[in-house]
Each structure stands twice: as C-alpha cells, then as structure tokens.
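Chain and residue survey
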Amino acid sequence: MKIIVDAMGGDNAPKAPVLGAIEAAKRYGVEIVLVGQSDQILECLKTEGIDTLPPGVEIAFASQVISMGDSPTTVLHAYKDSSMVVGAKLLGDGGDAFVSAGSTGALLTVATLVTRRIKGIRRAAISVVCPTEQGSCVLLDAGANNECTPEYLLQFAYMGSFYAERILGCENPRVALLNVGTEDSKGGNLQHEAFALLKAADDEGCIRFVGNAEGSDILTGKMDVLVADGFAGNVLLKSTEGTAKFILKQLKNVFYASTKNKLAALAVKKDLTGMKAMLDPSEVGGTALLGIAKPVIKAHGSSDARAIFNAVRQAIACVE
C-alpha cells in the first residue's frame, strides 16, 4: 500500500508531516511518499538525527508550496508544481491514498479536478467523526459546500451511511438531517425538500432515515450520520470543538485550585486522560473527503506529528 503525504502542508510542515508519516511507515509497514522540497525534508530528518530515509519511505520533489491564504480557484494554474498538486497526481498514478494538512479549499479543488469525483457524485463532502455518548457520529458536510441543493444532501446521506458502516463498523446506521427543530415541518425550503428525499430513500430501504435533529443532539448518539449543508455543518463543528476545549480548561482549573483538588485529580487521572484523548482532534488525525475517487484525508492545519500519524492510519483504513 502506498500513501502519499504532503510534506509541505500545514502550520508545522515539514517536521510534522515528515515525522508522523515515517512513524506510520514503521508501525504499519506501508510505503510512504513524502512530496515537497527535498532540501527541507532532508534537513528536517538531519535535525532529528536521521541520516538516511528509512526503508519504505521516498521523496517526490515539488518546488512550490500552497499557503493557507492562496485562492483555491488559482492553485491548479499558479501552483502546478506544488506539493499538493504533485501529490494528487501521484495518487492518480498508482498511489492508494493522499494525506495533507494544507488549505482545505485548495485540497478540495485539487482532489476534485485532479483525482476526480466518484462517477455520479455531484459534490465531495468533508466528513468529520464526532464522539458521542453511544460511540461516534459522522457529520457531513463540514465545510466543503456552503450552498447545497436537496440532491446534494441526499448524496451526503448515502456517502455518510456507507462510511459509518464500512469504516466505523456501524450496522444499519441511523441518518438524521440537521435542522432548527425535530418536527417534520421545521426549517426552510432546503430542509423541507431534503427531508422528503431522505424519507423516500428510507421508504425504499436505501438508508435508515430517523428524521430531523438539532445541533445539541450530535453528542447524544441519537444518530450515526448527521447531514447538513457545509455552512451549518462547519458552524456546528467549530462550536462543538470550542465547547470541548472550554470544558477541558475549566476542569483543569478546578483540579488545580487547591491541594485537596489536586489529590482528587490524581485519583481520576486515568479517566481524565481518556476523556481528553476522546475529545482531541489529533487522535482522529483528519477528515475524509467523501465522494473523491480515491481516499483523500484532510488533516488539521495545526497538526503535529501524532496527528499526521493518525491521519495516515485513517488513510490506511479507508483504502482497506
């Protein structure tokens, strides 16, 4: 299995992509192709005391780097030799999956136009796996398509349901539609029309649609797949992430407030560590761009080496 890694993407490149990918190559025995500026990659390895590339790891040279501020619409013309574009081409030329912590918009554009969408899929979607009281929930779209049609949401439901079943091992996943209320009559035209399409798909036995859901329902485990337009999905995702960070910070403040509390913290340290890991995006590694012809994993822009390692792990799972 050959995993292509954008060595120049993200705030901590090339160190994080390089070290995370190399660790994944050692742990899982996969081939890794680091795409980027060779001198920087080799210098990074030298700094870490690595004189030669480990077995199964190679470098594919790319002279350009796409920054977070570059316009996604211009990347294919202005950055033809960027690590992201070259990586996507290598994916099409025999690679099995592509991992990048670079610009989300640029990656979506490159994946759509270079790797291409699955035949019949009209829009790729960013899928995020969120922890819940009963396991996990796939949220899509989480930011790829700010404006959607009811047909897009129907396709998101199909892709999310398939992902939940094949990747997360969820049997007969429950699909819900993000709305401002749970009643069938809630929402605007988009939600009304999408609801009808999803209900029809459920009647035909294609998906298991359980109706509307509010943003507060995502962590309760009432559904396994939550479908939304990219704007609402991204707002929900960022709000949930911010809430998790706030709660963890407040818990830390409570446990460090006094000697008595510190002793209490020691008693529940293992449980708190598990809770922190569950809410840590680095443990997930990245989000899959569903609808692309080959697995493309978008890692967080601030990913460290551990996050890239887990993004490669997720890429392997998608390939399998």
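Attention in this report is confined to the structure presented alongside it. Residue numbers run consecutively from 1 along every chain, following the written order of its sequence. Side-chain atom pairs in this predicted model are given and counted only at pLDDT of 80 or more, local residue features only at pLDDT of at least 70, and totals for whole chains, interfaces and linings cover all residues. No hydrogens and no water enter the side-chain calculation; it runs on all heavy atoms of the structure.

Each axis is a line fitted through C-alpha atoms, and for a helix only the stretch in contact is used; angles between axes span 0 to 180 degrees, taken between their N-to-C directions. Helix and strand definitions follow DSSP, with helices as H or I runs of at least four residues and strands as E runs of at least two, each counted in order from the N terminus. It is at 8 Å that the axes of helix α6 (residues 150-166) and helix α7 (residues 189-203) come closest, and there the two elements cross at 45°. One finds that α6 runs oblique with respect to α7. Between α6 and α7 the crossing geometry is right-handed. Contact with α6, carried on its side by Pro150, Glu151, Leu153, Leu154, Ala157 and Tyr158, involves Leu190, Glu193, Ala194, Leu197, Leu198 and Ala201 of α7 and no other residues of that element. Classifying every residue of the contact of α6 with α7 by side-chain character gives ten nonpolar, no polar and two charged. Orientation categories follow fixed angle ranges, with anything under 35 degrees roughly parallel, anything over 145 roughly antiparallel, 65 to 115 roughly perpendicular, and all other angles oblique. By convention, the crossing between two helices is left-handed when the near helix turns anticlockwise from the far helix through less than a right angle, and right-handed when the turn is clockwise. Every residue pair with non-hydrogen atoms within 4.5 Å of one another is taken to be in contact. Any residue that is not Ala, Val, Leu, Ile, Met, Phe, Trp, Tyr, Cys, Pro, Asp, Glu, Lys or Arg is counted as polar, Gly included; the first ten are nonpolar and the last four charged.

Now for the packing of aromatic side chains. Side-chain rings of Phe, Tyr and Trp (the six-membered ring for Trp) are treated as a pair once their centres are within 6.5 Å; stacked means planes under 30 degrees apart, edge-to-face means over 60, and tilted covers the remaining angles. Taken as a whole and judged by the stated rule, the model has two aromatic pairs. Between Tyr28 and Phe309 the ring centres are 5.6 Å apart and the planes differ by 20°, which places this aromatic pair in the stacked class. On the criterion of sequence distance, the pair formed by Tyr28 in helix α1 (residues 15-28) and Phe309 in helix α12 (residues 305-319) is long-range, its members being 281 residues apart. Burial classes follow relative accessibility: with a 1.4 Å probe on protein chains only, a residue under 20% of its type's maximum area counts as buried, one over 50% as exposed, and anything between as partly exposed. Residue Phe309 is classed as buried on the basis of its relative accessible area, which comes to 10%. Measuring from ring centre to ring centre gives 5.2 Å for Phe195 and Phe209, while their planes differ by 75°; the resulting arrangement is edge-to-face. With Phe195 in helix α7 and Phe209 in strand β8 (residues 208-213), this pair connects stretches of sequence that are 14 residues apart. A residue is classified by how much of its surface remains accessible, and Phe195, at 13% relative accessible area, is buried. Judged by its relative accessible area of 8%, Phe209 falls in the buried class.

This part is about a positive patch on the surface. A contiguous patch of positive charge on the surface is contributed by Arg116, Arg117, Arg122 and Arg123. With respect to the helices, strands and loops of the structure, Arg123 is situated in the loop between α5 (104-115) and β5 (125-132). By relative accessible area, Arg123 is classed as partly exposed at 35%. A patch consists of residues exposed above 30% relative accessible area that lack any salt bridge, with like charges linked at up to 9 Å and nonpolar side chains (Val, Leu, Ile, Met, Phe, Trp, Tyr) linked at up to 5 Å. For the accessible areas, the method is Shrake-Rupley and the probe is 1.4 Å, while residue cover comes only from the protein chains on display. Salt bridges are defined by distance alone: a side-chain nitrogen of Lys or Arg within 4 Å of a carboxyl oxygen of Asp or Glu. Two residue types count as positive, namely Lys and Arg, and two as negative, namely Asp and Glu; His and chain ends fall outside the count. Where a charge lies is defined by one atom per residue type, namely NZ (Lys), CZ (Arg), CG (Asp) and CD (Glu).

It is worth spelling out the pattern of salt bridges at this point. Within this structure, the stated rule accounts for five salt bridges. The partner of Lys15 in a salt bridge is Glu48, and the shortest N-O contact between them spans 3.7 Å. You can see Lys15 sitting in helix α1 and its partner Glu48 sitting in the loop between α2 (38-47) and β3 (57-61), a full 33 residues away along the chain. Classification of Glu48 by relative accessible area gives partly exposed; the value is 37%. Salt-bridge contacts for Arg174 lead to Asp224; the nearest nitrogen and oxygen are separated by 3.0 Å. Of this pair, Arg174 sits in strand β7 (residues 174-178) while Asp224 sits in the loop between β8 and β9 (225-227), and the two are 50 residues apart along the sequence.

Attention now goes to the sheet that holds strand β10 (residues 286-290). In spatial order, the strands read β3-β2-β1-β4-β11-β10-β5-β6-β9-β7-β8; together these eleven strands make up an open sheet with mixed pairing. Two strands close off the open sheet at either side, each with one partner strand: β3 and β8. Each strand of the sheet is rotated relative to its neighbour by a mean of 25°, with strand direction disregarded. Pairing between strands requires that DSSP locate at least two bridges from one strand to the other. One ladder, built from three bridges, connects β7 with β9; its direction is parallel. Residue pairing for β9: Ala176 is matched across the bridge by Leu226. Those strands touched by helix α8 (residues 230-255) are β5, β6 (135-140), β7 and β9, and its axis lies near 140° from that of β6.

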